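Residue-level listing of the chains:
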Amino acid sequence: MTFEELQLNDQLIESISYMGFEKATPIQEQAIPLIMEGSDMIACAQTGTGKTAAFILPVLHKLIEGESSGKISTVVICPTRELAIQIDQQIQGFTYFTSIESIAIYGGGDGEDWVEEKRAIQKGVDIIVATPGKFIAHLNMGYMDLSAVKYAILDEADRMLDIGFHDDIVKIFKHISDQRQTLMFSATMPPKIRQLASQILKDPKEVSIAISKPAEGVLQAAYLCYDTNKAAFIKHLIEDKPSCKSIIIFTSTKKEVSELVRTLRNKNYKVEGISSDLEQSEREEALRRFRSRETRVVVATDVLSRGIDIKDINLVINYSVPGDAEDYVHRIGRTARADTTGIAVTLINPDDQYKFLRIERLMEREVMKLPISETIGESPAWSPTSGGGKGKGKGGKKPFRKGGGKGRRHHRSGGGGHQQKNK
Ligand code: AMP
């Protein structure tokens with residue numbers, strides 16, 4: 001379906017074509033008509049499906065066609081600063097040919113940011129995209145007029161509840177007029193999300209796109225190895241793939257980020273680390289250098305795994321298996337965005353094998369498992385048990401036997417959608 005067929009306003013159609021979108025994605029096709037009609041909506045969609053445009057385009061359409069009250073009309077609440085900036089950037093692109101103004105409000109800024117945000121709020125900026133904490137900080141100062149808000153959107157609602165923003169969200173919605181249209185987007189639909197939906201949505205229409213499934217364009221592989229060989233193997237992967245111009249390596253801890261950055265820099269790679277240890281401005285600068293390809297490799301914690309849209313990442317490496325299947329899907333969703341292809345490689349030590357098996361079960365897909373190169377070291381065999389390899393010395397698994405084992409099969413077929421969280 002084209003955006004003309006969705007009957008979006010001409011100014012939007014023009015900016016959409018400047019952004020290079022030719023056809024609506026499935027979530028856009030489903031959600032845009034319902035939102036235009038005025039329904040509240042609960043949508044289950046992963047990042048990378050075009051969900052941001054799915055909620056913002058119909059809202060912008062209505063703002064352009066309606067009369068401006070001169071007050072804040074739209075509030076988008078999302079879990080992280082990076083996501084707030086990214087949503088705001090998309091809004092700025094779509095509103096290029098209009099007079100609609102937006103601002104991203106998130107924590108971590110300085111006094112100047114606060115003054116600028118306050119000025120925009122008092123002036124009645126059309127759209128605010130904000131993280132809950134900073135939004136409430138301004139709300140508590142008493143100068144935020146939410147009486148004319150017509151559209152309230154929660155993005156990545158499940159993530160916000162995981163972080164502990166439930167009470168903040170409820171508080172924010174108490175201040176927004178009941179006449180609003182409310183849209184809630186979430187990658188998963190656990191009961192706590194349904195419960196929140198029943199508190200803030202009215203007779204919502206439901207839209208669902210299969211979740212817990214990576215995009216079809218991601219080629220997934222896993223390498224069986226011991227921790228001691230991981231750094232050397234990553235160096236080998238990076239050297240082996242000169243055509244990969246943008247590489248993200250996800251680690252589980254900030255400490256691993258700094259250690260791996262140090263190791264790779266010793267080998268003269270252009271590498272940067274991104275974790276919550278960096279100041280907000282430093283994170284943005286590092287992201288900018290990565291986007292513009294001044295930096296080839298970024299090592300990051302899950303700060304970067306959700307929502308961040310960097311075009312054309314060719315290779316995502318999981319330095320260790322994430323604890324949560326949803327995080328795995330989000331991490332590898334950094335590659336193969338909207339119709340492109342990419343590679344996602346996960347390093348699995350013996351302790352993590354069972355964790356990875358659970359992820360495969362959730363995805364309903366078996367991932368090809370390979371030994372690391374013999375010149376780097378020995379590979380444990382694939383034999384996941386719920387106890388992992390703990391307490392068995394070097395992992396307690398027999399070395400990998402070439403050519404054998406069920407782990408070498410690679411299934412790319414998918415089943416139905418999953419809504420279960422892997423906890
Ligand atoms: P999202 O799921 O909102 O994070 O979007 C993922 C990426 O897809 C972003 O880079 C969008 O700019 C892009 N995108 C969204 N809608 C379309 C579309 N209809 N055609 C092509 N790319 C799109």
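A brief structural summary.

## With respect to the packing of helix α8 (residues 166-174) against helix α9 (residues 191-200)
Here comes step 1: Their axes nearest at 11 Å, the elements α8 and α9 cross at an angle of 15°. Considered as vectors, α8 and α9 are oriented roughly parallel to each other. Here α8 runs over α9; the crossing is right-handed. Counting all contacts with α8, which are made through His166, Ile169, Val170 and Phe173, the residues of α9 involved are Leu196, Gln199 and Ile200.
Here comes step 2: Each residue belonging to the contact of α8 with α9 can be placed in one class, and the counts come to 5 nonpolar, 2 polar and no charged.

## Some words on the side chain of Thr95
Here comes step 1: Summarising the element assignment, Thr95 is placed in the loop between α4 (81-94) and β3 (102-105).
Here comes step 2: At 2.8 Å, the side chain of Thr95 and the backbone oxygen of Ile91 are in polar contact.
Here comes step 3: If near-sequence neighbours (up to four positions away) are discounted, Thr95 is found in contact with Leu60 and Ile100.

## What about a negative patch on the surface?
Here comes step 1: Among the surface-exposed residues, Glu4, Glu5, Asp10, Glu14, Glu29 and Glu65 lie close enough to one another that they form a single negatively charged patch.
Here comes step 2: Tracing the sequence through the fold places Glu29 in helix α2 (residues 26-37).
Here comes step 3: Residue Glu29 is classed as partly exposed on the basis of its relative accessible area, which comes to 34%.

## Side note on the pattern of salt bridges
Here comes step 1: Taken as a whole, this structure holds 19 salt bridges when the rule is applied.
Here comes step 2: Residue Asp227 pairs with Lys230 through a salt bridge whose shortest N-O separation is 3.1 Å.
Here comes step 3: Relative accessible area serves as the criterion here: at 2%, Lys230 is assigned to the buried category.
Here comes step 4: Each of Glu272, Glu285, Arg288, Arg289 and Glu294 takes part in one network of salt bridges that share partners.

## What about the sheet that holds strand β5 (residues 151-154)?
Here comes step 1: Within the open sheet, the 7 strands sit side by side as β3-β4-β2-β5-β6-β1-β7. Their pairing is parallel. Only two strands of the sheet have a single partner each, and these edge strands are β3 and β7 (205-208). Put simply, the sheet's adjacent strands are angled 15° from each other on average, direction ignored.
Here comes step 2: Across 4 bridges, β3 lies against strand β4 (residues 127-130) in parallel orientation. If you follow Ala104 over to β4, its bridge partner there is Val129.
Here comes step 3: Against the sheet, helix α5 (residues 111-123) contacts β3 and β4, and its axis sits at roughly 140° relative to β3.

Conventions adopted
Residues numbered from 1 in each chain as written. Predicted model: local features only at pLDDT ≥ 70, side-chain atom pairs only at ≥ 80, totals over all residues. Heavy atoms only, no water. Axes fitted to C-alpha atoms, helices over the stretch in contact; angles between N-to-C directions. Helix = DSSP H or I, 4+ residues; strand = E, 2+ residues; numbered from the N terminus. Parallel < 35°, antiparallel > 145°, perpendicular 65-115°, else oblique. Left-handed = near helix turned anticlockwise from the far one by under 90°. Contact = heavy atoms within 4.5 Å. Nonpolar A, V, L, I, M, F, W, Y, C, P; charged D, E, K, R; others polar. Polar contact = N/O pair within 3.5 Å; in protein donor to acceptor, adjacent residues only side chain to side chain. Patch = residues over 30% accessible without salt bridge, like charges linked within 9 Å, V, L, I, M, F, W, Y side chains within 5 Å. Areas by Shrake-Rupley, 256 points an atom, 1.4 Å probe, with all protein chains shown as cover. Salt bridge = Lys/Arg side-chain N within 4 Å of Asp/Glu carboxyl O. Lys, Arg positive; Asp, Glu negative; His and termini not counted. Charge placed at Lys NZ, Arg CZ, Asp CG, Glu CD. Buried < 20%, exposed > 50% of the residue type's maximum accessible area, 1.4 Å probe, protein only. Pairing = 2+ DSSP bridges.

That's the geometry; what it means functionally is another story.
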